[in-house]
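One-letter residues, chain by chain:
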Amino acid sequence: MKRIGWVSVIAVFLALSAFAYGMLSARSRPAADAVPPSSTREVGAHQTDGAMPGDGPATQAYREANDRMHREMAIAYTGDADIDFLRGMIARHEGAVAMARIAVEHGEAADVQSLAREIIAVEEAEILRMRILLARHEDDPPNGVRP
């Protein structure tokens, strides 16, 4: 019998995982002819300026967290790509943490709550790292060589 390499095993595993994901997610997708919910926003429409009628507590919290994240991501650009990147990404990561906290507080599925807790831990560590980098780069002289 021919020996199968690890690359082949991994490739088969990934293919099966993608297939299984597609089959499972197809069950949760609405039918193609289904009417979209009235609260569906157009692409690029981030500001809601408050809750929509009929929003539950989780949806309202998600809207507020999303709106806050987009406001905070609208940074004053400095012209320094490193500093601008870090400032924008800190805001994005803080938004992800806020949404993950909402999932933990309002969600019911244990696997989603587990993922949300992982996201909180990872994103908070990345926020800390980016804040340290931002402080170091903001303190650099303009002509200085970056670390």
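Residues numbered from 1 in each chain as written. Predicted model: local features only at pLDDT ≥ 70, side-chain atom pairs only at ≥ 80, totals over all residues. Heavy atoms only, no water.

Draft legend 1. A look at the overall build of the protein. Secondary structure assignment for the protein yields four helices and zero strands. Expressed as a percentage of the 147 residues in the protein, the buried residues total 22%. Expressed as a percentage of contacts within the protein between residues at least 6 apart in sequence, the contacts between residues at least 24 apart total 49%. By element, 62% of the accessible surface of the protein is carried by carbon and sulfur atoms, the whole surface being about 11,100 Å². (Helix = DSSP H or I, 4+ residues; strand = E, 2+ residues; numbered from the N terminus. Buried < 20%, exposed > 50% of the residue type's maximum accessible area, 1.4 Å probe, protein only. Contact = heavy atoms within 4.5 Å. Areas by Shrake-Rupley, 256 points an atom, 1.4 Å probe, with all protein chains shown as cover.)

Draft legend 2. Quick look at the side chain of Asp 80. One can find Asp 80 in the loop between α2 (57-73) and α3 (81-106). Asp 80 gets classed as buried once you look at its relative accessible area, which sits at 19%. A polar atom in the side chain of Asp 80 sits 3.1 Å from the backbone nitrogen of Ile 83. (Polar contact = N/O pair within 3.5 Å; in protein donor to acceptor, adjacent residues only side chain to side chain.)

Draft legend 3. Local environment of the pattern of salt bridges. Tallied over the full model, the rule gives five salt bridges. Across the salt bridge formed by Arg 92 and Glu 123, the nearest N and O atoms sit 3.4 Å from each other. In this pair, Arg 92 sits in helix α3 while Glu 123 sits in helix α4 (residues 110-139), placing the two residues 31 residues apart along the sequence. Between Arg 131 and Glu 94 there is a salt bridge, with the nearest N and O atoms lying 2.3 Å from each other. (Salt bridge = Lys/Arg side-chain N within 4 Å of Asp/Glu carboxyl O.)

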